[in-house]
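The primary structure of each chain is shown beneath.
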Amino acid sequence: MSSDSVILLETVNFAAEKHRNQRRKDAEQTPYITHPIGVARILSHEGGITDIEVLQAALLHDTVEDTDTSIGELQAVFGQTVARLVQEVTDDKALSKEETKRQQVEHAPHSSHQAKLVKLADKLYNLRDINRCTPTGWSAERVQEYFVWSAQVVRGLRGTNPALERHLEELFKQRGVEL
Ligand SMILES: Nc1nc2c(ncn2[C@@H]2O[C@H](COP(=O)(O)OP(=O)(O)O)[C@@H](OP(=O)(O)OP(=O)(O)O)[C@H]2O)c(=O)[nH]1
Ligand SMILES: [Mn+2]
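Starting afresh in each chain, residues are numbered from 1 along the sequence in its written order. Here the convention is simple: chains get letters from A, ligands get numbers from 1, in the order in which they are written. In view of the model being predicted, local features appear only for residues whose pLDDT reaches at least 70, and side-chain atom pairs are presented and counted only at 80 or more, with totals across whole chains, interfaces and linings using the full set of residues. As a convention, hydrogens and water are excluded, and side-chain values are obtained from all of the structure's heavy atoms.

**Topic: the site of ligand 1**
Quick reminder of the rule: We call a residue near a molecule or strand as soon as one heavy atom of that residue lies within 4 Å of the molecule or strand. As used in this structure description, the phrase polar contact means that two N or O atoms lie within 3.5 Å; if the pair is within protein, one of them must be able to donate a hydrogen and the other to accept it, and residues adjacent in sequence are counted only when both atoms belong to side chains. Note on areas: Shrake-Rupley with a 1.4 Å probe; residue coverage comes only from the protein chains shown.
Residues in contact with ligand 1 amount to 22 residues; listed here are only the nearest, Lys 25, Lys 97, Lys 101, Lys 123 and Arg 142. Here Lys 25 contributes a side-chain N or O atom positioned 2.5 Å from an oxygen atom of ligand 1. Contact distances for ligand 1 include 3.4 Å between an oxygen atom and a side-chain N or O atom of Tyr 32. If ligand 1 stood free it would expose 690 Å²; the protein chains cover 85% of that surface.

See below:
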């Protein structure tokens with residue numbers, strides 16, 4: 001087996017253990033790990049990304065935000081680049097929900113190319129997931145607001161990966177949201 005495969009198995013196993021008690025907000029309560037795996041898969045299969053550190057960051061991208069994982073832990077296990085990428089896509093928990101959303105819009109254009117890739121795939125997965133099944137308790141208005149806000153973030157990520165951006169543009173168009 002190639003060393004890249006070994007590294008990816010180690011990374012997906014780490015993420016699975018960290019997210020083991022978490023579920024998605026859909027009616028079936030899908031195990032949360034389907035999301036980070038799906039984000040990494042979008043990058044490889046649709047974005048044509050082979051950069052191992054980007055794929056690792058995708059697998060780990062919600063561990064610091066949503067589990068007891070620290071950036072220091074990621075740095076010790078996976079190295080500085082992967083840890084820095086996860087840091088770049090992690091919301092500041094000290095901020096209010098509203099401020100967090102504003103910060104994502106503000107930070108998107110200033111993030112690294114690698115972090116932009118992860119963010120594009122994260123948004124693409126979540127918007128497709130909403131179309132597949134509305135998260136529990138979300139009104140039609142909240143869904144529409146999520147699309148409008150996501151478009152503001154994606155605007156700052158453009159010029160990064162044409163394939164992913166094409167898919168996102170189509171999803172926004174279906175909701176009447178201008179990118
Ligand atoms: N569409 C969808 N999203 C779900 C589901 N379960 C959990 N989520 C997560 O919910 C987040 C979007 O909902 P929000 O209302 O914005 O976030 P919040 O719950 O943390 O406040 C995403 O976080 P994120 O990945 O950190 O991305 P981002 O929204 O912060 O960019 C997404 O991964 C689900 O069943 N469907
Ligand atoms: Mn995510």
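**Regarding unusual backbone geometry**
Rules: Strands are runs of DSSP state E lasting at least two residues, helices are runs of H or I lasting at least four, and both sets are numbered from the N terminus onward.
Located in the positive-phi region is Gln 29, a residue other than glycine, with phi close to 50°. Mapped onto the elements, Gln 29 comes out in the loop between α1 (3-18) and α2 (34-46).

**Brief notes about α2**
To keep it simple, the criterion reads: What a helix should span is 1.5 Å times the count of its residues minus one. Exposed residues in this analysis have more than 50% of their type's maximum accessible area, buried residues have under 20%, and partly exposed residues fall in between, with area computed by a 1.4 Å probe over protein chains only. Residue contacts follow a heavy-atom distance rule, with two residues in contact if any of their heavy atoms lie within 4.5 Å.
If you check α2, its first and last C-alpha atoms are 17 Å apart, about what 13 residues at 1.5 Å a residue would give, namely 18 Å. Among the residues of α2, His 35, Pro 36, Gly 38, Val 39, Ala 40, Ile 42 and Leu 43 are the ones counted as buried. Along its buried surface, α2 packs onto α3 (52-60), α8 (113-132) and α10 (162-174). Gly 48 lies just past α2 and shows a positive phi near 70°.

**Structural notes on the environment of Ala 57**
Along the chain, Ala 57 turns up in helix α3. For Ala 57, a relative accessible area of 1% corresponds to the buried category. The residues contacting Ala 57, other than those within four sequence positions of it, are Val 82, Leu 85, Val 86 and Val 118.

**Regarding the coordination of the manganese ion (ligand 2)**
Condition: Only nitrogen, oxygen and sulfur atoms within 2.8 Å of the metal, or 3.2 Å for Na, K and Ca, are treated as donors, and water is left out, so sites may look incomplete.
Bound to the manganese ion (ligand 2) on the protein side are His 35 (NE2), His 61 (NE2), Asp 62 (OD) and Asp 122 (OD), at distances that span 2.2 to 2.4 Å. Mapped onto the polypeptide sequence, the residues donating to the manganese ion (ligand 2) form the spacing pattern H-x25-H-D-x59-D. Grouping residues by exposure puts His 61 and Asp 62 together as buried.

Just geometry here; none of it tells us what the structure is for.
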